[in-house]
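One-letter residues, chain by chain:
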Amino acid sequence: MASKAKGTWDDTIDKCLPAIVELRVDYVRTFDDQRALCSVGTGFVVDKKNGIILTNRHIVTLGPITGNAVFTNKKRVSIVPIYRDPIHDFGFFKYDPAEIDYKELSEIKLAPEEAKVGIEFRMIGSGESEQNSIIPGTLARLDREAPRYKSYMDFNTFYFAAVSMAKSGSSGSPILAKSGNAIALNCGGSSGAASFFLPLERIVYALKCIQSGNKVHRGTVLSVFTHQDFDDVRALGLTEENEQKLRKYFPKATGMLIVGETVPNGPAEKAGLRPGDAVLSVQGKYLHHMLSLQEYLDSTDSKSLKFRVSRGDKELEFDVELEDMDNVTPSEYLEIGNAVLNPVGYIAALRRNIPVGGVYVADAGYMFRHASIPTGAIIVSVDGHDTPNLEEFENVISQYPDKSEVLVQFFLNKTNILSSVVTIDRGWYPMRKAVRNDKTGYWDFRQATAATSGTNKAALIGEGNVDLTSIRSDNAIDCLVTVEFRAPYSIAGNIFSKTTTVGVVVNLERGLVVAPRRAVFSHLGDVEISISSLMKVPAEVVYMHPTYNLAILQFNPAMLLGKGVKIAEAKKAVEPKLIPGDECYFMGLTQKEERLLQKCNVTSTENPYFGQASPPRYIQTNQEFLVFDQTVSLFSSNGGIFFKNSKVGAFWFAVDSPQTDGSQIDYRAIPAHIVYDTVNWLMEKVPGKSASNFASVPKKSLATSLGSVSLGKYRTAIGISDDWVKKLTEADLDSKHQILMVKRVMAGSKPSEALKQGDFVLAIDGTPVVTFEQFENAVHEKDKVSITILRKSKEM
């Protein structure tokens, strides 16, 4: 094999590859504008002795992160962030060099002085997650404007530009000269073939500070400077005399620096600098390049800088205080109700044209999302108390106990202040403070300021007698309430975090409300009941039926006394129960709690088999429904009841359909006697006022999902005897002419040892069963039953 010539690109690549790593990182918590996710990028070793890897700031990020670096020999080592630049797109990770075995340590030298227009380069990185992708190119520009990305912006620096077809995952790649030295850092690209590279001068400065154990001092006047051509600056009023002076000092200059933006209430704005000012000199020295300005800003010798600018046809001088960039870069956050709040930093302030230091909602979480305060909002006040910074917000919010309601003012656009009522949550998620520790690379947590003690005791129902006469209503529709259920976690396959539905008050003395289990799908959650659009009260989920689409809630009716609220109860089921042909009325509520009243008719009954849900979640089983004529009111409602002779005939509840992902709502009418039988049975088992022990009442089940088939159609095929046909017909009070068939049995359950899919159910404990209701009633309080089935035409 022919040997490679010295000084070739092959030699350069062989030399540099061992120092280039693939970075696999997890952003474990949303922070500032960085979402919690995982990502792949590139980095390269710049200090093999101390284990320092250079990459992009948008890979290191400001927030909590864990990650690994994968070397070319597939050795994987843990990395921790030790520096991320406040504005420029570079940062450093650190690894333990002692972890590197079976491999010679290598590093790439940073050589900013080698960067020149026309120089050929090689970019090596993990493009499209393919490690060691090698892309050639030629530097075309050294003075490109810094790019701005969706969640991050760089500024106050030039960028290099080239056509190089950089791919996703190559961020952080070294731009290598043939010497084997890095001349720039790859940062991003356009949707076409252009790539953008960050010059290395400030990176070299930061690396030297880190290696010497010194603080990387980065100064700012909280202003964005741009570079404009001389012709453009002349249009702003630059005199010919000043242009000549600048050209004399800098013969190759093509333009000069302009004040582009200033942060409100920042040093530049306070001193008097305005967008459009052309910078003539800093500290008495002319300048035209971003790098010169950076060196002045990062100087530790001065607490302020003297700017001389051209504004129109005038020359003005301003003494501008310097701000430490660390003071305007978020390095802490507060968690409350699974929300993440951090200070408004330099970049966020520029994007929104607001001062730094406010309270930024990085992640709305459980608490703010359900109050319709979105991610990206800026919180202005809590219950009338201004919250100009995170510390003040923590102090104010700590005055309120768990489940308190507070009025929060916020904005997305500073010209439009919005308000929302927020329910404080410290029960599902702890309130704690996190501060970044750049010495360890990790975050130090502490419990946040202790909250005022106390609980929402008003929500607990007492055992004493309370006179509720003043809140009772004779209007039947007042038994309808709107139930809001909020789930703090993804639970049992449900995709919802918040649901609203109609509930029905069935016992006012005990504050019992029935609602569809499809909407109230877990005991783990917060429940509120809205009464007549006038008042909201907390409630507790006390029972969820294991098979029927039924949940029972309890609230404290005493909370309504003296509030000007009236409420009714739907206490009884209609007798006899509704059958096809019966005429009745529907009462319901819309999503906006508007009342509906509609005359309707029962057309038929149905007992559908709902099948299996994906993802696996609760689906109602063995439940029969009434069918009503299709009216506008039914399907524009959020739920309701059917009544006849002032008594309830059916409950119109939302159900889950396994044919969808759960996001589409369907409705079914549950016969009233099924609901009341359950409620009355539980109240008998758990006397007194509190219903918190409803869930402990055992309900037996055969863990079997049933379907039904026409007896006439299947009679001959399944081989059922005439004697059993007669018995089933006698038990068939509703003339359904059907036979129950086993669709599914829960795997591993005791019933699965006896029942098989496809079995036909004849009787339980000798009593023929024809309907789902008969089947469930026959077993729900028994420890053991004898079941008669038909399997392969044989009675068993």
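The structure we're discussing is the one just above.
Everything in this summary refers to the structure shown in the same document. (Residues numbered from 1 in each chain as written. Predicted model: local features only at pLDDT ≥ 70, side-chain atom pairs only at ≥ 80, totals over all residues. Heavy atoms only, no water.)

## A few points about the side chain of Glu776
1) Next: Counting through the fold element by element, Glu776 comes out in helix α15 (residues 772-777).
2) Next: Filtering out sequence-adjacent residues up to four positions away, Glu776 remains in contact with Thr547, Tyr548, Asn622 and Lys699. (Helix = DSSP H or I, 4+ residues; strand = E, 2+ residues; numbered from the N terminus. Contact = heavy atoms within 4.5 Å.)

## As for the packing of aromatic side chains
1) Next: Here the structure, examined in full by the defined rule, presents 24 aromatic pairs.
2) Next: Pairing Phe628 with Phe642 gives two aromatic rings, centres 3.6 Å apart and planes at 5°, and the pair type is stacked. Linking Phe628 in strand β38 (residues 625-628) with Phe642 in strand β39 (residues 640-644), this pair joins segments that are 14 residues apart in sequence. Judged on exposure class, the residue Phe628 and its partner Phe642 are both buried.
3) Next: Put simply, the rings of Phe586, Phe628, Phe642, Trp652 and Tyr667 touch in pairs and so form one group of aromatic residues.
4) Next: Note that Arg122 overlies the ring of Trp9, its terminal NZ or CZ placed 4.3 Å from the centroid.
5) Next: The side chain of Lys727 reaches across the aromatic face of Trp724, ending 4.5 Å from its centre. (Phe/Tyr/Trp six-rings, centres within 6.5 Å; stacked < 30°, edge-to-face > 60°. Buried < 20%, exposed > 50% of the residue type's maximum accessible area, 1.4 Å probe, protein only. Lys NZ or Arg CZ within 6 Å of the ring centre and 35° of its normal.)

## Details of the environment of Lys433
1) Next: Relative to the assigned elements, Lys433 resides in strand β28 (residues 432-437).
2) Next: In this structure the C-alpha to C-alpha distance between Lys433 and Val340, which are 93 residues apart in sequence, comes to 9.7 Å.
3) Next: Excluding residues within four positions of it along the chain, Lys433 makes contact with Glu332, Tyr333, Leu334, Leu390, Glu394, Asp444, Phe445, Arg446 and Ala448.
4) Next: Within polar-contact distance, the side chain of Lys433 engages the side chain of Glu394 at 3.4 Å. (Polar contact = N/O pair within 3.5 Å; in protein donor to acceptor, adjacent residues only side chain to side chain.)

## Describing helix α10 (residues 390-397)
1) Next: Taken together, the buried positions of α10 are Leu390, Phe393, Glu394, Val396 and Ile397. Projection of α10 onto a plane perpendicular to its axis shows the buried side chains occupying an angular sector of 165°, all on one side.
2) Next: You can read the cap of α10 off the contacts: a side-chain oxygen lies 3.3 Å from the backbone nitrogen of Glu391, and it is on Asn389. (Arc of directions from axis to C-beta.)

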